[in-house]
Amino acid sequence: MIDSEEHQKLVSDLGRQPRFIAGREIYLDWEGFFWDPADWNEEVAKILARESGIEVLTETHWKILRFFREYYSCHGRAPMNRHLKEGAGISLKEIGALFTEGIRLGARRLAGLPNPKSCF
Amino acid sequence: MNDRLIYLDNAATTFPKPREVLDKMLETYIRVGVSPGRGSYDLAMQVEDIVEEARKKLARFFGAPDPNRVVFTANATDALNLAFSGLLQPGDHVITTRLEHNSVLRPLHHFLERGWITCDHVPFDCKGFVDPNEILRCIKPNTRVVVVTHASNVLGTVQPVEEIGRLCAGRGIPLIIDASQSAGKIPIDMMALQASAVVFTGHKAFYGPTGTGGLVIHPELDIKASRFGGTGVDSKSLVHTPSYPHRLEPGTINLMGIIGLSAGIDYITQKGLAAIHRQEMTLLRRLRDGLSDLKHVDMYCADDLSNHVAVLSTNVNGVNPADVGDILDGDYHIAVRVGLHCAPLVHHDLGTINGGSVRFSLGIFNTQEDVDQAIKAMASMRSQS
């Protein structure tokens, strides 16, 4: 049998939770992704970055975050891997290394994009 | 970076499809693409023959005695839903395993949470195999069916279905084998396995198109209709056609898909299942051995590949599996499947429920060069971890 705790975990939704960041109420999911990308701003990104262990976002960080934001704004979805690589001007591996929590939980999350709809 | 995509996600769907399969689909559909089993004109009869030949081919492939009990569905999930809906009654007990895909887990959960059935999920051992005796221990007087995946889509381990079939047959309990990851890779004789039904998909190791699958049913198992409609048979009756395959095939079937599925079976039969399996497993061993030299890479249930299909789950220490997938794709042009692979209980038991794993799955078109590139790419992630 599947025990009740495991059952709850498996069937639970994405855990929409409000948080106050930079004086604003923002809804995040269970992994800290934004429910509404419009809630994002640079101040919020700086706070989330500090929480993830990045004290100061460098120009390279901002270039990547802005590329995510611009791409999402134009296309309504996150960039494909090859577009991200082209847009950032560095490899995916380097992007992953720049953000303490990697590409998905680091760069994408800090850019305020929603959780990808993949089998996670 | 290699410009050519190295496709190592064949457990999701095989890609590319053989040119022969695609040509056959197009050529046949252009020639005879009318409604099968409905009209009395020659072309309708001709296309019905093509569908019946596909049923016979599948019956031969699975060692099934009656081609009319080969039922075409949209995919394996559809076939499993059809089987569960037509078999299970309130108060029934079901035994399945923790290796299952959501195609099994979710339909059963649907019945379970409504209080219609009870269900036991048998664990797998540290090598990725279910112990048939664990299934035996779960059998109750009201056990209606045992459902077991033939090959795990996460671990690649081939389950001891012959022994499970023997235990089930001895107690008169139907065994359904989910052959989504095995059909087309290893021989399946449902009579020898004493299986009551085999579920298959057409778009994986049969090298057919997506949107194809089916249920092969033993003559002694009756599955009630749970969907109703036109069958082209006995049209004046408002009662749904009770005979197989029409009982479980309401509506016009996916003719182009079935043509492709049939051509795919021809393709792998011509190549030889044993030869395909040998080639894929040789590559998988090379991949496993190459990755085993990398201290920052973990592998799951891969020490002994003797009862496996060509699927290997891995993780890179300290790197989110999703990021590994992105790096392999974006930097190395290698396509793999990351995450939970729609098999949450497997990942729960492996301790990988929070991110899943990075799965490599090989197909007929993969080469030694593909595997070596994958090893090289995984090796390069050392500095990240």
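What you are looking at is a predicted structure, and each value in this text was computed from that prediction instead of being measured.

Draft legend 1. Inspection of the overall build of chain A at higher detail. Each helix and strand in chain A was counted, giving 6 helices and 2 strands. Expressed as a percentage of the 120 residues in chain A, the buried residues total 43%. Partitioning the intrachain contacts of chain A with sequence separation of at least 6 by distance along the chain shows that 46% fall at a separation of at least 24. Element-wise, carbon and sulfur atoms account for 51% of the exposed surface of chain A, whose accessible area totals about 6500 Å².

Draft legend 2. Broad picture of the packing of aromatic side chains. Under the counting rule described, the total for this entry stands at 10 aromatic pairs over all chains. Ring centres of Phe-67 of chain A and Tyr-71 of chain A lie 5.8 Å apart, and the angle between their planes is 50°; this geometry places the pair in the tilted category. Of this pair, Phe-67 of chain A and Tyr-71 of chain A are both found in helix 3 (residues 59-75), 4 residues apart, which corresponds to roughly one turn of the helix. Tyr-71 of chain A carries the same exposure label as Phe-67 of chain A, and that label is buried. Judged by centre distance (6.1 Å) and plane angle (80°), the ring pair of Phe-62 of chain B and Phe-206 of chain B falls under edge-to-face. Of the two residues, Phe-62 of chain B is situated in helix 2 (residues 42-62) and Phe-206 of chain B in the loop between strand 7 (197-201) and strand 8 (213-217); the sequence distance between them amounts to 144 residues. A relative accessible area of 0% places Phe-206 of chain B in the buried class. Each residue in the set Phe-61, Phe-62, Phe-200 and Phe-206 of chain B is aromatic and connected to the rest through ring pairs, giving one cluster. Taking NZ or CZ as reference, Arg-16 of chain A lies 5.6 Å from the ring centre of Trp-35 of chain A, over its face.

Draft legend 3. How the structure looks around the sheet that holds strand 13 (residues 357-361) of chain B. All names here are of chain B. Strand order in the open sheet formed by 4 strands is 9-10-13-12, and the pairing between neighbours is antiparallel. In the strand order of this sheet, the two ends are held by strand 9 (297-299) and strand 12 (337-339), each with one partner. Strand-to-strand twist of the sheet, defined as the mean angle between neighbouring strand axes without regard to direction, takes the value 30°. This element, helix 8 (residues 273-292), spans strand 9, strand 10 (311-316) and strand 13 of the sheet and lies at about 15° to strand 10.

Draft legend 4. A look at the pattern of salt bridges. Evaluated as defined, the whole model comprises 25 salt bridges over all chains. Its salt-bridge partner being Arg-109 of chain A, residue Glu-101 of chain A comes within 2.7 Å of it at the nearest N-O pair. With relative accessibility at 9%, the residue Arg-109 of chain A sits in the buried group. We note a salt bridge from Arg-69 of chain B to Asp-222 of chain B, for which the minimum N-O separation is 3.6 Å. Of this pair, Arg-69 of chain B sits in the loop between helix 2 and strand 2 (70-73) while Asp-222 of chain B sits in the loop between strand 8 and helix 7 (255-271), and the two are 153 residues apart along the sequence. Overall, Asp-222 of chain B belongs to the partly exposed group, its relative accessible area being 45%. Among the ionic contacts, a cluster of salt bridges with common partners joins Glu-42, Glu-59 and Arg-66 of chain A.

Draft legend 5. Quick peek at the sheet that holds strand 3 (residues 92-97) of chain B. Residues and elements named next belong to chain B. Judged by pairing direction, the sheet is mixed, and its 7 strands sit side by side in the order 2-8-7-6-5-3-4 without closing on themselves. Looking at strand neighbours, the two that pair on one side only are strand 2 and strand 4 (117-122), the edges of this open sheet. Averaged over all pairs of adjacent strands, the angle between strand axes in this sheet comes to 20°, irrespective of strand direction. By the bridge criterion, 5 bridges tie strand 7 to strand 8 in an arrangement that is antiparallel. In the sheet register, Phe-200 faces strand 8, and the bridge partner there is Gly-214. Here helix 2 sits on the sheet in contact with strand 2, strand 7 and strand 8, set at roughly 115° to strand 2.

Draft legend 6. Representation of the confidence of the model for chain B. Across chain B, the average pLDDT comes to 97, with 99% of residues at or above 70. Both scores are given for the predicted complex: the pTM is 0.94, the ipTM 0.88.

Draft legend 7. Spatial organisation of helix 11 (residues 368-379) of chain B. For helix 11 of chain B, with 12 residues, the first-to-last C-alpha span of 16 Å sits near the 16 Å given by 1.5 Å per residue. Buried within helix 11 of chain B we find Asp-370, Val-371, Gln-373, Ala-374, Ile-375, Ala-377 and Met-378 of chain B.

Draft legend 8. Quick peek at unusual backbone geometry. Residues and elements named next belong to chain B. Cis peptide bonds are those with omega within 30 degrees of zero, and the linkage from Phe-15 to Pro-16 qualifies with -5°. By the element assignment, Pro-16 lies in the loop between strand 1 (6-7) and helix 1 (19-32). Look at the link from Tyr-244 to Pro-245: it is a cis peptide, with omega at 0°. Mapped onto the elements of the fold, Pro-245 is located in the loop between strand 8 and helix 7. We note that Cys-301 has phi near 55°; this positive angle belongs to a residue other than glycine. As for its position among the elements, Cys-301 is in the loop between strand 9 and strand 10. Taking the relative accessible area as the measure of exposure, Cys-301 reaches 15% and is therefore buried. A positive phi angle is found at His-333, which is not glycine, with a value near 60°.

Draft legend 9. The arrangement of helix 9 (residues 321-332) of chain B in detail. All names here are of chain B. Taking 1.5 Å as the rise per residue, helix 9 with 12 residues should run 16 Å; its terminal C-alpha atoms sit 15 Å apart, in good agreement. Here helix 9 has its buried residues at Pro-321, Ala-322, Asp-323, Val-324, Gly-325, Ile-327, Leu-328, Gly-330 and Asp-331. Within two residues after helix 9, His-333 carries a phi angle of roughly 60°, on the positive side.

Draft legend 10. Spotlight on the nonpolar core. Formed by 58 residues in total, the largest nonpolar core has its most connected members in Leu-291, Leu-328, Phe-360 and Met-378 of chain B. Of the residues forming this core, the biggest block, 6 residues, is contributed by helix 3 of chain A. When neighbours within four sequence positions are excluded, Leu-291 of chain B is seen to be in contact with Val-297, Met-299, Leu-312, Thr-314, Phe-360, Ile-375 and Met-378 of chain B. Val-122, Phe-124, Ile-173 and Leu-193 of chain B belong to the second largest nonpolar core, which has 57 residues in total.

Draft legend 11. Highlighting the environment of Gly-112 of chain A. Summarising the element assignment, Gly-112 of chain A is placed in the segment after helix 6 (103-110). Every residue in contact with Gly-112 of chain A, bar those within four places of it in the chain, is listed here: Phe-34, Pro-37, Trp-40 and Arg-69 of chain A.

What counts as what
Residues numbered from 1 in each chain as written. Chains lettered and ligands numbered in written order. Predicted model: local features only at pLDDT ≥ 70, side-chain atom pairs only at ≥ 80, totals over all residues. Heavy atoms only, no water. Helix = DSSP H or I, 4+ residues; strand = E, 2+ residues; numbered from the N terminus. Buried < 20%, exposed > 50% of the residue type's maximum accessible area, 1.4 Å probe, protein only. Contact = heavy atoms within 4.5 Å. Areas by Shrake-Rupley, 256 points an atom, 1.4 Å probe, with all protein chains shown as cover. Phe/Tyr/Trp six-rings, centres within 6.5 Å; stacked < 30°, edge-to-face > 60°. Lys NZ or Arg CZ within 6 Å of the ring centre and 35° of its normal. Pairing = 2+ DSSP bridges. Axes fitted to C-alpha atoms, helices over the stretch in contact; angles between N-to-C directions. Salt bridge = Lys/Arg side-chain N within 4 Å of Asp/Glu carboxyl O. pLDDT = per-residue confidence, 0-100. Expected span 1.5 Å × (residues − 1). Core = buried A, V, L, I, M, F, W, Y, C linked by side-chain atoms within 4.5 Å.

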